[in-house]
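Secondary and tertiary structure notes
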Amino acid sequence: MVPDAGRQARRGGFAGRLVRSEYFVLLLCALYALAAYPFVPVLFSAEVAGNMIADMSPLLIVAVGQTFVLVIAGIDLSITAVIALSAVVGASIMTQAGGYLPGNGGVLPAILAMLGVGGAVGLLNGLSVTRLNMPPFLVTLATRMFFAGLAIWYTTFHTTSSSIADLPPLFTGLYDFVVLTLPIGESVLTLPLLPVLIAVIVVIGAHVTLSRTMLGRWIYAVGANRRTARVSGIPVESTIILAFTICGVCAALTGILMSSRLQTGSPILGENVLLDVIGAVVIGGTSLFGGKGKIVWTLSGVLFLVLLDTTLKLLGASLFLIFIIKGAVILAAATLDTLRNRIFVEH
Amino acid sequence: MSMNRRDFTVGTLMGLAAMSGLTVAVRAEGDKTIAVLFDGLYSEFWVAGIKIIRADLEKRGFKIMEAISDKDDNKQFEQVKAAIAQKVEGIIIVQTDSNAVIPAIKAANAANVPMVHFNRPPAQSEAFSVAIQADNQKIARDAVLYSCEVAKASGKKHQAAILIGNLGDPNAIQRRDGFDEAVGQYKDVIDVVARIPTEWDADKAFAGLTNALQANPDISFLFTSSDFLIPQIQQALEAADKWAPIGDDKHVIFTGFDGFPAAYGLMKDKFMDACGVQNLFYETTLAIQAILDLKAGQKVEKLLLDPGFAITQANMEEKKGEMWGYVLWKEANPG
């Protein structure tokens, strides 16, 4: 949170206001899209726009959860394992190939179990950080390894293949049931509305929680200075546990969307998403040191990263180049965060 | 801090210019493009595969849209959607998971873009795509049969070990079955004492083989489901004092699979007895031809088999020209 943002912004003049603005990353997105357009004209087509919005939804939800944890000066590396574990647990319940509750009737219990897995892992992370006083990095690295291994082990009991397929139509239809199809010029915008709607609800809910509720104020206070927060009577431990639990549930929700999209519960689902999630949140401007961050910033960061990724995909860039460019952009964002604080706060 | 606001603004604009410059560096748009989407380049087989596909497509005048998903099925689905948006002529894909690729096939079907799976078939579904696959079981069986004959000719009984791949990969299962089919015919000569799961992981293969050699020091017959494990096998056999050429008493009768350049090197130096070879050149031709045929509206079977072959110490001179590993080995060792 930036309580005196207005005063600080005024110190930096136009450039300062621009760089400190909540819309700085959105402006970067617009400039980047304009710069890329001559080389990838299809970028501005309705079809690609629809693809980008659909691609954003799962990443945005898990990034929103990560924002809660980063604001309390933590980090959650276990999100990838939560995505995978929730996917295989849910799939094992509802799969029509020998699930515990096969078919459409198993969808709701499966979704609840998936969210439960996310909440439980988040709770475990939060308890380990608060009760055992362990660093979040170490705790979530360990739980990431443990639950990623558990997801693979669990899968071996439910299929002879490497993933659990044959999921019921009610679940796989999440991406197919309500699709907006809108011809725009020569292109057609195809948008799966349910995942987008879920992402919008999560974003609005998280934004309201952080900006308008007591819990939100506690989260910022704990992230800014844990000792001061405790002296002020804020339940620091509960706040930290809740932030990790929210993050776990968000990761599980992403697991639901991804496994529905791929119509499969895979134990390696989301394995490589960590860089994108933390990168998006940091690009948005949320501080890795805690106490500062907004859902709107995360939304901008996710948009920028998806835009970058889409452009590079359309250009046929190699994986190595994509890694280099993404890594450079995330590093630049972290550096920019440090610089803009030093320049416009110190001066 | 010595940087002023003007410097900062200039720096930001330069950064933007650099970003747009990067897009120039990776520019790739043409009239007719084929997307080549691999899940990774984890061994020489896949590196050689993408290289041969690239060369073949360029020779035919196609532009290529390449992408690697790094074993991320969701990312690969997005890559397929991007390829469709780019109006590609067809998609050659190597997926990680045979189930998770099905929505991508459906998306390609809906956009009327032909999709061909290179060397790794998808799971059964109503979606239509064409898979190019080596006849793994037959190739493995033929290669191991030769080694079984060598074992029989030695006049001794042999304890055998097999390095098995990831059982979620149909190729790994078929290679294991080919091995079993062959040694099953020589039960009086060969006793399988170790089945080592590798999950296509070199570290697990090394640890598993080392343990097997300690538990069964008389192992003298070995089959690897992929040649990419050769360095780990050599290391483990050296540590067990069993790395010796054909003719030496300590020689372990060794059968490979894939036809890597390293496998050819070992065949030439008489450390390997036989190797099942996937005909990478033939598979590439099949894949590209399938896309062209589908685009032309012709009917193509869902599964196109590469019969492959077994290269052995007996037929090496005659067959090596068809071995992709030999071609690459020769490039690396001219003269």
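You'll find the structure just up there.
Anyway, here's the lowdown on the structure attached to this text.

About the thresholds
Residues numbered from 1 in each chain as written. Chains lettered and ligands numbered in written order. Predicted model: local features only at pLDDT ≥ 70, side-chain atom pairs only at ≥ 80, totals over all residues. Heavy atoms only, no water. Helix = DSSP H or I, 4+ residues; strand = E, 2+ residues; numbered from the N terminus. Buried < 20%, exposed > 50% of the residue type's maximum accessible area, 1.4 Å probe, protein only. Contact = heavy atoms within 4.5 Å. Lys, Arg positive; Asp, Glu negative; His and termini not counted. Charge placed at Lys NZ, Arg CZ, Asp CG, Glu CD. Rg over C-alpha atoms; globule rule 2.2 N^0.38 Å. Pairing = 2+ DSSP bridges. Axes fitted to C-alpha atoms, helices over the stretch in contact; angles between N-to-C directions. Parallel < 35°, antiparallel > 145°, perpendicular 65-115°, else oblique. Left-handed = near helix turned anticlockwise from the far one by under 90°. Expected span 1.5 Å × (residues − 1). Phe/Tyr/Trp six-rings, centres within 6.5 Å; stacked < 30°, edge-to-face > 60°. Lys NZ or Arg CZ within 6 Å of the ring centre and 35° of its normal. Core = buried A, V, L, I, M, F, W, Y, C linked by side-chain atoms within 4.5 Å. Polar contact = N/O pair within 3.5 Å; in protein donor to acceptor, adjacent residues only side chain to side chain.

Time to look at the overall build of chain B. A count of helical and extended segments in chain B gives 12 helices and 12 strands. In terms of overall dimensions, chain B has a C-alpha envelope of 80 × 65 × 40 Å along the principal axes. Taken across its 335 residues, chain B has 56% of its residues classed as buried. When contacts within chain B are restricted to residue pairs at least 6 apart in sequence, those whose partners lie at least 24 apart make up 72%. Looking at charge distribution, chain B has the averaged site of its 35 positive side-chain charges lying 4 Å from that of its 44 negative ones.

Turning our eyes to something else, we now look at the overall build of chain A. Broken down by element type, chain A carries 15 helices and two strands. Relative to its length of 347 residues, chain A is compact, with a C-alpha radius of gyration of 21 Å against a globular reference of 20 Å. With the C-alpha coordinates aligned to their principal axes, the bounding extent of chain A is approximately 65 × 55 × 35 Å. Looking at chain A as a whole, 57% of its 347 residues are labelled buried. Expressed as a percentage of contacts within chain A between residues at least 6 apart in sequence, the contacts between residues at least 24 apart total 74%.

Residue and element names in this part refer to chain B. With mixed pairing, the six strands of this open sheet are ordered in space as β7-β6-β8-β9-β10-β12. A strand with exactly one partner marks an edge of an open sheet, and here the two such strands are β7 (190–197) and β12 (309–312). Strand-to-strand twist across the sheet, computed as the mean angle between neighbouring axes with direction ignored, equals 20°. Of the pairings in the sheet, the one linking strand β9 (residues 253–258) to strand β10 (residues 274–277) comprises four bridges and is parallel in character. The partner of Asp 258 across the bridge, within β10, is Val 277. Its contacts with the sheet place helix α8 (residues 230–239) against β6 (158–164), β8 (219–224) and β9, and it is angled at close to 170° to β8.

Moving on, we come to the packing of helix α4 (residues 46–71) of chain A against helix α14 (residues 295–315) of chain A. All names here are of chain A. Closest axis-to-axis distance for the α4/α14 pair is 8 Å, and the angle between their directions is 140°. Considering the angle they form, α4 stands oblique to α14. α14 is crossed by α4, and the crossing has right-handed handedness. Where α4 abuts α14, its residues Val 48, Met 52, Asp 55, Met 56, Leu 59, Leu 60, Ala 63, Val 64, Thr 67 and Phe 68 lie against Ile 295, Thr 298, Leu 299, Val 302, Leu 303, Val 306, Leu 307, Thr 310, Lys 313 and Leu 314.

What follows deals with helix α3 (residues 24–36) of chain A. For α3(A), which comprises 13 residues, the first-to-last C-alpha distance of 18 Å matches the rise-based estimate of 18 Å (1.5 Å per residue) to within 8%. Of the residues making up α3(A), those classed as buried are A:Phe24, A:Val25, A:Leu28, A:Cys29, A:Tyr32, A:Ala33 and A:Ala36.

The subject of this paragraph is the packing of aromatic side chains. A ring pair, where both rings are aromatic, is described by two values, the distance of the centres and the angle of the planes. Residue and element names in this part refer to chain B. If you walk through the whole model with that rule in mind, you get 15 aromatic pairs over all chains. Pairing Phe 260 with Trp 324 gives two aromatic rings, centres 5.4 Å apart and planes at 65°, and the pair type is edge-to-face. Pair noted here: Phe 260 is in the loop between β9 and α9 (261–268) and Trp 324 is in helix α12 (residues 324–332), with a separation of 64 residues, a long-range link. For the pair Phe 260 and Trp 324, a shared accessibility class is recorded, and that class is buried. Joined through ring pairs, the aromatic side chains of Phe 38, Phe 45, Trp 46, Phe 118, Phe 260 and Trp 324 make up one cluster. Positioned above the aromatic ring of Phe 309 is the side chain of Lys 319, whose terminal nitrogen or guanidinium carbon lies 4.7 Å from the ring centre.

A:Leu43 and B:Ile91 are the most contacted members of the largest nonpolar core, which totals 125 residues. Setting aside chain neighbours within four positions, we find A:Leu43 in contact with A:Ala33, A:Ala36, A:Val48, A:Met52, A:Leu307, A:Thr310, A:Thr311 and A:Leu314. Judged by nonpolar contacts, the second largest core, of 63 residues, contains B:Val94, B:Leu229, B:Ala263 and B:Ala287.

Let us look at unusual backbone geometry. Residue and element names in this part refer to chain B. One non-glycine residue, Asp 70, lies in the positive phi region at around 55°. Judged by relative accessible area, Asp 70 falls into the partly exposed class, the value being 21%. Positive phi values are uncommon outside glycine, yet Asn 119 reaches one of about 70°. Structurally, Asn 119 can be placed in the loop between β4 (115–118) and β5 (130–134). Since its relative accessible area comes to 2%, Asn 119 is described here as buried.

Our next topic: the packing of helix α10 (residues 214–224) of chain A against helix α12 (residues 236–262) of chain A. Helix-helix packing: each pair is described by the crossing angle between the helix axes and the interaxial distance. Residue and element names in this part refer to chain A. Orientation of α10 relative to α12, taken along the N-to-C sense of each, is 100°, at an axis distance of 10 Å. The orientation of α10 with respect to α12, classified from their angle, is roughly perpendicular. Contacts from Leu 215, Trp 218, Ile 219 and Val 222 in α10 reach Val 236, Thr 239, Ile 240 and Leu 242 in α12.

All names here are of chain A. With respect to the helices and strands, the residue His 207 is situated in helix α9 (residues 193–212). C-alpha separation for the pair His 207 and Leu 28, spaced 179 residues apart in sequence, amounts to 22 Å. Excluding anything up to four places from it in sequence, His 207 contacts Arg 212, Ile 295 and Val 296.

Turning next to the sheet that holds β5(B). Residue and element names in this part refer to chain B. Read from one edge to the other, the open sheet built from six strands follows the order β2-β1-β3-β4-β5-β11, with strand pairing classed as parallel. Each of the sheet's edge strands pairs with one partner strand only, and the pair in question is β2 (63–68) and β11 (303–306). Taking each pair of neighbouring strands and ignoring which way they run, the sheet shows an average axis angle of 20°. Of the strand pairs in this sheet, β4 and β5 are connected by three bridges, and their pairing is parallel. Counterpart to Phe 118 in the pairing with β5 is Ile 132.

Moving on, we come to the environment of B:Gln313. Residue and element names in this part refer to chain B. You can see Gln 313 is positioned in the loop between β12 and α11 (316–319). The class for Gln 313 is buried, based on a relative accessible area of 18%. Taking the C-alpha atoms as reference points, Gln 313 and Ile 246, 67 residues apart in sequence, are found 10.0 Å from one another. When near neighbours in sequence (up to four residues on either side) are disregarded, Gln 313 contacts Tyr 146, Ile 246, Met 267, Lys 270, Met 272 and Asp 273. In this structure the side chain of Gln 313 is engaged in a polar contact, spanning 3.2 Å, whose partner is the side chain of Lys 270. A distance of 2.7 Å separates a polar side-chain atom of Gln 313 from the backbone oxygen of Met 272.

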